[in-house]
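# Inside the fold
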Amino acid sequence: MPITLYKLLHILGLLMVFAAMGGAVITAATADGSWKKLHGALHGIGAFLLLLGGFGMFARLGIMGTWPGWVWGKLAIWLVLGAAPFIIRKAPEKAKGFLFGAILLGFAAAYLALYKPF
């Protein structure tokens, strides 16, 4: 598949993960669990698309074998963001702060992808 398709899948997954996180924060703040399944589905599918698009781009760019540091940094960030719904569910009083932290982590992941500093 062309690299542009992997990029589109990656961005679609990113949008879905952040939309789900926003919904999880609102649900935690209102104690209304009626949208819980939708948030979980958005987050899971979005995380899968992020991984599919990201690893597809790695393959197209020839990044196989030993990964550079920026790849490890992105993986660490996405592991934290992947655990976000569980963290928010366990500590709903910290949900708003976590949402802003997640936005900063997303920004850091974009920085690593664009500038590949290490």
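Just so it is clear, the model here is predicted, and its values are computed rather than measured. (Residues numbered from 1 in each chain as written. Predicted model: local features only at pLDDT ≥ 70, side-chain atom pairs only at ≥ 80, totals over all residues. Heavy atoms only, no water.)

## Re the overall build of the chain
Spelled out, the test is: Each helix is a run of H or I in the DSSP string that is no shorter than four residues. Each strand is a run of E no shorter than two, and both are numbered from the N terminus. Any two residues whose heavy atoms approach within 4.5 Å are treated as being in contact. Here the open area of atoms and residues is found with the Shrake-Rupley method and a 1.4 Å probe, where only the protein chains shown may cover a residue.
What the chain contains, in helices and strands, is five helices and zero strands. Start at the N end of the chain and walk to the C end: the helices and strands fall as α-α-α-α-α. Along the first, second and third principal axes, the C-alpha set of the chain runs to 45 × 25 × 20 Å. When contacts within the chain are restricted to residue pairs at least 6 apart in sequence, those whose partners lie at least 24 apart make up 76%. Accessible surface computed for the chain: about 7,300 Å², of which carbon and sulfur atoms make up 76%.

## Focus: helix α2 (residues 36–61)
To keep things clear, this is the line we draw: By this rule the span expected of a helix is its residue count minus one, scaled by 1.5 Å. When accessible area is computed with a 1.4 Å probe and restricted to protein chains, residues below 20% of their type maximum are described as buried, those above 50% as exposed, and intermediate ones as partly exposed.
In a regular helix each residue adds 1.5 Å, so 26 residues correspond to 38 Å; α2 covers 37 Å between its end C-alpha atoms and thus fits that length. Looking only at α2, the buried set comprises His39, His43, Gly46, Leu49, Leu50, Gly53, Gly54, Gly56, Met57 and Phe58. Of the surrounding secondary structure, the elements contacted by the buried residues of α2 are α1 (3–30), α3 (69–82) and α4 (84–90). Just downstream of α2 lies Gly62, where phi reads positive at about 80 degrees.

## Remarks on the layout of surface pockets
A probe matching the size of a water molecule, rolled over the atoms, marks out where space remains unfilled. The test is simple: Here a cavity means grid points, on a 1 Å grid over the protein atoms only, where a 1.4 Å probe fits yet cannot get out; a pocket means an open set of points with protein on both sides within 12 Å along at least five of seven lines; lining residues are those with an atom within 4 Å of a point. Grid points are joined across faces, edges and corners, and a volume is the space filled by probe spheres set on the points. For this classification, Asp, Glu, Lys and Arg are treated as charged, while Ala, Val, Leu, Ile, Met, Phe, Trp, Tyr, Cys and Pro are nonpolar and the rest, including Gly, are polar.
There is about 750 Å³ of room inside the largest pocket. For the lining of the largest pocket, the elements supplying multiple residues, two or more each, are α1, α2, α3 and α5 (95–115). Top contributing element to the lining of the largest pocket by residue count: α2, with nine residues. The residue inventory of the lining of the largest pocket, partitioned by class, reads 22 nonpolar, five polar and three charged. The space that makes up the second largest pocket amounts to roughly 310 Å³. Every residue lining the second largest pocket is counted, 16 residues in all, and those nearest its centre are Ala24, Thr27, Lys36, Pro85 and Arg89. For the lining of the second largest pocket, the elements supplying multiple residues, two or more each, are α1, α2 and α4.

## What to know about the nonpolar core
Applied cut-off: The set of buried Ala, Val, Leu, Ile, Met, Phe, Trp, Tyr and Cys residues whose side-chain atoms join them within 4.5 Å is what this entry labels a nonpolar core.
In this structure, Met21, Trp70, Leu81 and Ile88 are the most contacted members of the largest nonpolar core, which totals 19 residues. Setting aside its immediate chain neighbours within four residues, Met21 contacts Leu81, Ala84, Ile88, Phe98, Leu99 and Ala102.

## Details of a nonpolar patch on the surface
Heads up, the condition is: Patch construction takes residues with relative accessible area above 30% that form no salt bridge. Like charges are linked within 9 Å, and nonpolar side chains (Val, Leu, Ile, Met, Phe, Trp, Tyr) are linked within 5 Å. Salt bridges are counted wherever a side-chain nitrogen of Lys or Arg sits within 4 Å of a carboxyl oxygen of Asp or Glu.
Nonpolar side chains collect at one region of the surface, where Met1, Leu5 and Leu8 lie side by side and expose about 290 Å² of accessible area between them. Inspection of the secondary structure assignment puts Leu5 in helix α1.

## As for the confidence of the model for the chain
Any region with low pLDDT has predicted coordinates that should not be read closely. Inclusion rule: As a per-residue measure, pLDDT tells how confident the predictor is, with possible values from 0 to 100.
Summing up the model confidence of the chain, the mean pLDDT is 84 and the portion of residues at 70 or higher is 97%. When pLDDT is averaged over each element of the chain, α3 comes out on top at 91 and α4 at the bottom at 81.

## Focus: unusual backbone geometry
Here the phi dihedral of Lys116 falls at roughly 45 degrees; this positive angle occurs in a residue that is not glycine. Examined against the element boundaries, Lys116 turns out to sit in the segment after α5.

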